[in-house]
Amino acid sequence: MKKKQFKVIGFDADDTLWVNEPYFQETERIFRELLAAYLPEKEVSEQLFQTEMQNLELYGYGAKAFMLSLIETALRISDNRVPGEIISQIVSLGKELLAKPVILLDGVEHLLQQLSDENVKLIVATKGDLLDQERKLRKSKLEKYFHHIEIMSDKKEADYLSLLQHLGTQPEDFLMIGNSFKSDILPVLQLGGYGIHVPFHVTWEHEKTGSVPDGENFASVSEISEVGTLLELKN
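Described below are features of the structure shown in this document. In this text the structure is predicted, and so the values were computed from the model without any measurement. Note on numbering: residues in each chain are counted from 1, in written sequence order. Local features in this predicted model are restricted to residues whose pLDDT is 70 or higher, and side-chain atom pairs enter the listing and the counts only when it is 80 or higher, whereas totals over whole chains, interfaces and linings include all residues. Think of the side-chain values as coming from all heavy atoms in the structure, minus any hydrogens and water.

## Observations concerning the nonpolar core
Soluble, globular proteins show a tendency: their nonpolar side chains are buried together.
Alright, step 1. Residues belong to one nonpolar core when they are buried, are Ala, Val, Leu, Ile, Met, Phe, Trp, Tyr or Cys, and are joined through side-chain atoms within 4.5 Å. Burial status follows relative accessibility: with a 1.4 Å probe on protein chains alone, a residue under 20% of its type maximum counts as buried, one over 50% as exposed, and anything between as partly exposed. Judged by nonpolar contacts, the single largest core of 28 residues is most densely connected at I9, F11, L17, F146, V227 and L231.
Alright, step 2. Under the scheme used here, helices are H or I runs from DSSP no shorter than 4 residues and strands are E runs no shorter than 2 residues, and both carry numbers assigned from the N terminus. Mapped onto this core, the elements with two or more residues apiece are strand 1 (8–11), helix 5 (108–116), strand 2 (121–127), strand 4 (174–178) and strand 5 (194–197).
Alright, step 3. Membership of the second largest hydrophobic core comes to 19 residues, among which are V44, L48, L93 and L97.

Structure follows, in structure tokens:
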């Protein structure tokens, strides 16, 4: 990535600032076990993913949407015969998911401290449920570093363009940092902005994509602590 003075740097939240996807995967594991009497576990996961994709436009992203898809999947694969006790357990799983601790990823706060000394606005641009993301931001104690928080219904080119227009920033002055190349990086690159991909060790199937291109507007690092070095920030 070529050296540049950015006006705005955006961060994804889930699995970029803090742990998220492992909680969903653990919830799904328990769900598969609850429904094992109806289908093999692999097929339960396939059915769940199908339900999630069908519901994205209606429910959006986040733990509440996930819980509704769990319930719908359980009813469908059981032909509406799943006991009320299991539905109750699924609801409890969803509530537990919404109460998970917020665990910052290594190097996150140090990078934000470094960037706070630079002449740049920091923002959060993340998908998910509004109340849940607000809760996680509050519990993370990272809000003080950010000029703006945007909880987005989706992360496509038009969504980023609307955000940048709201901030009064051109794409060429914007850098986005996130773990999902599909949602966090690619749309920004297509607008003419910059992106740094920080892969997380587990990724939701929907966020997976093909090969990651090279280019002067893009870089990939193995962990977020390397971003400071890449941007030549002061320690």
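After that view of the structure, there is still more to cover.
## Quick look at the sheet that holds strand 2
Alright, step 1. Only strands that DSSP links by at least two bridges are regarded as paired with each other. Strands sit in the order 3-2-1-4-5-6 across an open sheet of six strands; the sheet is parallel. In the strand order of this sheet, the two ends are held by strand 3 (148–152) and strand 6 (218–220), each with one partner. Across the sheet, the mean angle separating the axes of adjacent strands is 20° when strand polarity is ignored.
Alright, step 2. Strand direction decides the pairing type here: strand 2 and strand 3, joined by five bridges, are parallel. For every element, the axis is a line fit to its C-alpha atoms; helices are fit only across the contacting stretch, and the angle between N-to-C directions ranges from 0 to 180 degrees.

## Digging into empty space enclosed by the protein
Alright, step 1. Here the term cavity refers to a set of points on a 1 Å grid, laid over the protein atoms alone, in which a 1.4 Å probe fits but cannot get out; the term pocket refers to an open set having protein on both sides within 12 Å along at least five of seven lines, with lining residues being those that place an atom within 4 Å of a point. Grid points are joined across faces, edges and corners, and a volume is the space filled by probe spheres set on the points. A full pass over the atoms with the stated rule returns one cavity of 30 Å³ or more.
Alright, step 2. Taken as a whole, the largest cavity holds about 80 Å³ of empty space.
Alright, step 3. As for the largest cavity, its lining consists of W18, V19, N20, Y23, F24, L97, K100, P101, V102, D132, R135 and K136.
Alright, step 4. Sorting the residues of the lining of the largest cavity by element identifies helix 1 (21–34) and helix 6 (130–140) as the ones contributing at least two each.
Alright, step 5. It is helix 6 that provides the largest number of residues to the lining of the largest cavity, a total of three residues.
Alright, step 6. Throughout, the ten residues Ala, Val, Leu, Ile, Met, Phe, Trp, Tyr, Cys and Pro are labelled nonpolar, Asp, Glu, Lys and Arg are labelled charged, and all others, Gly among them, are labelled polar. Its residues placed into classes, the lining of the largest cavity shows seven nonpolar, one polar and four charged.

## Structural notes on the pairing of strand 5
Side-chain positions along a regular strand alternate between the two faces of the sheet.
Alright, step 1. Alternating positions in strand 5 separate into two faces, Y194 and I196 on one and G195 and H197 on the other, with burial throughout.
Alright, step 2. Strand direction decides the pairing type here: strand 5 and strand 6, joined by three bridges, are parallel. Bridged to H197 within strand 6 is S220.

## Observations regarding helix 1
Alright, step 1. When the terminal C-alpha atoms of helix 1 are compared, their 20 Å separation across 14 residues agrees well with the 20 Å that a helix rising 1.5 Å per residue should span.
Alright, step 2. Where helix 1 is concerned, the buried positions are E21, Y23, F24, T27, E28, F31, R32 and L34.
Alright, step 3. Contacts from the buried residues of helix 1 go to helix 2 (41–59), helix 3 (63–77) and helix 4 (84–98). Helix span, as expected, comes to 1.5 Å for every residue beyond the first. We call two residues in contact whenever any of their non-hydrogen atoms come within 4.5 Å of each other.

## A few points about the packing of aromatic side chains
Alright, step 1. Only the six-membered ring of Trp is used, alongside the rings of Phe and Tyr, when aromatic pairs are assigned; centres must lie within 6.5 Å, and planes under 30 degrees apart are stacked while those over 60 apart are edge-to-face, with the rest tilted. Using the criterion set out here, one finds four aromatic pairs in the structure.
Alright, step 2. Pairing F24 with F66 gives two aromatic rings, centres 5.1 Å apart and planes at 55°, and the pair type is tilted. Separated by 42 residues along the polypeptide, F24 in helix 1 and F66 in helix 3 bring together distant segments of the chain. The burial state of F24 is the same as that of F66; both residues are buried.

## Comments concerning the pattern of salt bridges
Alright, step 1. Any Lys or Arg side-chain nitrogen found within 4 Å of a carboxyl oxygen on Asp or Glu counts as a salt bridge. This structure, assessed with the given rule, holds 13 salt bridges.
Alright, step 2. One salt bridge connects K7 with D173, and the closest N-O pair in it is separated by 3.8 Å. Within this pair, whereas K7 is found in the segment before strand 1, its partner D173 is found in the loop between helix 7 (157–167) and strand 4, the two being separated by 166 residues in sequence.
Alright, step 3. By relative accessible area, K7 is classed as exposed at 52%.

## Notes on unusual backbone geometry
Alright, step 1. The phi angle at D15 is positive, at roughly 65°, despite the residue not being glycine.
Alright, step 2. Accessibility expressed as a relative area gives 6% for D15, which makes it buried.

## Some thoughts on the packing of helix 7 against helix 8 (residues 181–191)
Alright, step 1. Direction vectors running N to C along helix 7 and helix 8 enclose 70°, while the axes themselves pass 9 Å from each other. As summarised for this structure, helix 7 and helix 8 are arranged roughly perpendicular, according to the angle between their axes. Seen from helix 7, the contacting residues are E157, Y160 and L161; seen from helix 8, they are S183, D184, P187, V188, Q190 and L191.
Alright, step 2. The residue inventory of the contact of helix 7 with helix 8, partitioned by class, reads five nonpolar, two polar and two charged. Any angle between 65 and 115 degrees counts as roughly perpendicular, while under 35 counts as roughly parallel, over 145 as roughly antiparallel, and the rest as oblique.

## Describing a nonpolar patch on the surface
Alright, step 1. The patches described consist of residues with a relative accessible area above 30% and no salt bridge, like charges being joined within 9 Å and nonpolar side chains (Val, Leu, Ile, Met, Phe, Trp, Tyr) within 5 Å. We get accessible surface area from the Shrake-Rupley algorithm with a probe of 1.4 Å; when it comes to residues, only the shown protein chains can shield them. There is a patch of nonpolar side chains on the surface, built from L58, Y59 and L68 and spanning about 300 Å² of accessible area.
Alright, step 2. Within the fold, L68 resides in helix 3.

Geometric values such as these leave the question of function open.
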